[in-house]
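Take a look at the letters that make up each chain.
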Amino acid sequence: MTVERPVVAVLTTLGESHLARMATATEVARATSVAALPVEARRRCRVVVLRSEANLGAAELAELPGLTDVVRPGSGTDNIALDVLEARGIRLHRNADVSADAVAELAVAGLTVLCRRMGVGYRWLLDGTFAKHRLMGEPLAAQRVAVWGAGPIGRALHRRLEMLGMDTGFVRHPSLPDGLPVFDRAEAMAEADVHVLAVPLRPTTRRMVDEAWLAGVAARRPYLVNVGRYELIDQDAVAAALQEDRLRGCYLDPVDAGLAAETDRFLAATRDANVFATQHQGAQRSDVRGVLDAWAVRRVLDVLSPELGGN
């Protein structure tokens, strides 16, 4: 009698060698979403592997009746219905720290681009405009940075900024770990030159950067750096603040294909402003992806080990 192998749904990109290793012991179903999986694969799926590009909300989880484990190679969980996982006893496996330094590196790079007005200059080059006298920058090290969020990414960013000799601290929050430099919220809003968003997307953080928030920081005309989720900002309010010179610049990393229309609208509205955007590239570094891909395969094989005979 043929024994069915457990189905593992891979809703992200993994290296072919890693997929091949997983396929030696399991049945791998590759798709971009739960809805795109074959019906039989959904019925038999035991493990889902995903990053930030796919959703695993209540509707998607309802389509996976046999799911026992979710493997998330990275840190964010705002695309996963954690309450449903808990209610159903589905285990969540994360490797939150591996990508943190790469995301922090990108945040510093994005801020550097803003401080030197490189995004503006690049857009002008595309239009055939040469006006370097209008592209006067300012020193990165002179900026006072407020970090919103003290998870792995926020802490990694703080370490990098400290090495650059920059004045940086975390905006006070009840869950802030002891021993970190802290800004009271009012102090951060009034005195920080840079605000870095590194908080998860939750109902309390969705559109946290709105018109009221921007009015609170307007006196300092800060830079805004978002390496969290796109939905942390009210894009219309941010675009207006850039147009009205209430922000010195804005860097957005979390731009995904599903946000194409919103992104096009934002970039069109801020065409002459100091704006830079990237395609959610925080963890897109070869060494990081190699480590996370290998970890994901090991985790899948470990959780399924009892029925795979210890393979």
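Structural data are supplied above this passage.
Residues numbered from 1 in each chain as written. Predicted model: local features only at pLDDT ≥ 70, side-chain atom pairs only at ≥ 80, totals over all residues. Heavy atoms only, no water.

## Concerning the overall build of the protein chain
- When helices and strands are counted, the protein chain shows 13 helices and 12 strands.
- The C-alpha atoms of the protein chain give 22 Å as radius of gyration, which agrees with the globular expectation for 311 residues (19 Å, within 12%).
- C-alpha extents for the protein chain along the principal axes are approximately 75 × 50 × 35 Å.
- For the protein chain, long-range pairs separated by at least 24 residues make up 64% of all intrachain contacts whose partners lie at least 6 apart in sequence.
- A total of about 14800 Å² of accessible surface is found on the protein chain, and carbon and sulfur atoms cover 52% of it.
- Mean positive and mean negative side-chain charge positions of the protein chain (37 and 39 charges, respectively) differ by 3 Å. (Helix = DSSP H or I, 4+ residues; strand = E, 2+ residues; numbered from the N terminus. Rg over C-alpha atoms; globule rule 2.2 N^0.38 Å. Contact = heavy atoms within 4.5 Å. Areas by Shrake-Rupley, 256 points an atom, 1.4 Å probe, with all protein chains shown as cover. Lys, Arg positive; Asp, Glu negative; His and termini not counted. Charge placed at Lys NZ, Arg CZ, Asp CG, Glu CD.)

## Some points on a nonpolar patch on the surface
- On the surface, Y122, L125, L126 and F130 cluster together to form a nonpolar patch covering roughly 520 Å² of accessible area.
- Turning to its location among the elements, F130 is positioned in the loop between α6 (118-126) and β6 (145-148). (Patch = residues over 30% accessible without salt bridge, like charges linked within 9 Å, V, L, I, M, F, W, Y side chains within 5 Å. Salt bridge = Lys/Arg side-chain N within 4 Å of Asp/Glu carboxyl O.)

## Some points on the sheet that holds strand β8 (residues 182-183)
- Taken in spatial order, the seven strands of this open sheet run β8-β7-β6-β9-β10-β11-β12, and their pairing is parallel. Of all strands in the sheet, those bounded by a partner on one side alone are β8 and β12 (275-277).
- Here strand β9 (residues 194-197) pairs with strand β10 (residues 223-226) via four bridges, running parallel. Bridging across to β10, V194 finds its partner in Y223.
- Across the sheet, helix α5 (residues 100-115) lies against β9, β10, β11 (249-252) and β12, angled at about 150° from β10, the strand it touches most. (Pairing = 2+ DSSP bridges. Axes fitted to C-alpha atoms, helices over the stretch in contact; angles between N-to-C directions.)

## Considering the packing of α5 against helix α7 (residues 152-163)
- It is the contact of α5 with α7, at a shortest axis distance of 8 Å, that shows an interaxial angle of 55°. One way to sum up the angle between α5 and α7 is to call them oblique. As for the relative orientation of α5 and α7, their crossing is right-handed in sense. On α7, the residues that touch A100, D101, V103, A104, E105, A107 and V108 of α5 are P152, I153, A156, L157, R160 and L161.
- Among the residues forming the contact of α5 with α7, the class breakdown is 10 nonpolar, no polar and three charged. (Parallel < 35°, antiparallel > 145°, perpendicular 65-115°, else oblique. Left-handed = near helix turned anticlockwise from the far one by under 90°. Nonpolar A, V, L, I, M, F, W, Y, C, P; charged D, E, K, R; others polar.)

## Concerning the pairing of β6
- A two-sided burial pattern is seen for β6, the buried positions comprising V145 and V147 on one face and A146 and W148 on the other.
- Here three bridges tie β6 to strand β7 (residues 168-171), and the two strands are oriented parallel to one another. When the sheet's bridge partners are listed, V147 is paired in β7 with F170.
- Read from β6 through α7 to β7, the crossover connection turns out right-handed.
- The pairing of β6 with β9 spans four bridges and is parallel. Within β9, the position partnered with A146 by the bridge is H195. (Buried < 20%, exposed > 50% of the residue type's maximum accessible area, 1.4 Å probe, protein only. Right-handed = clockwise from strand over helix to strand, strands pointing away.)

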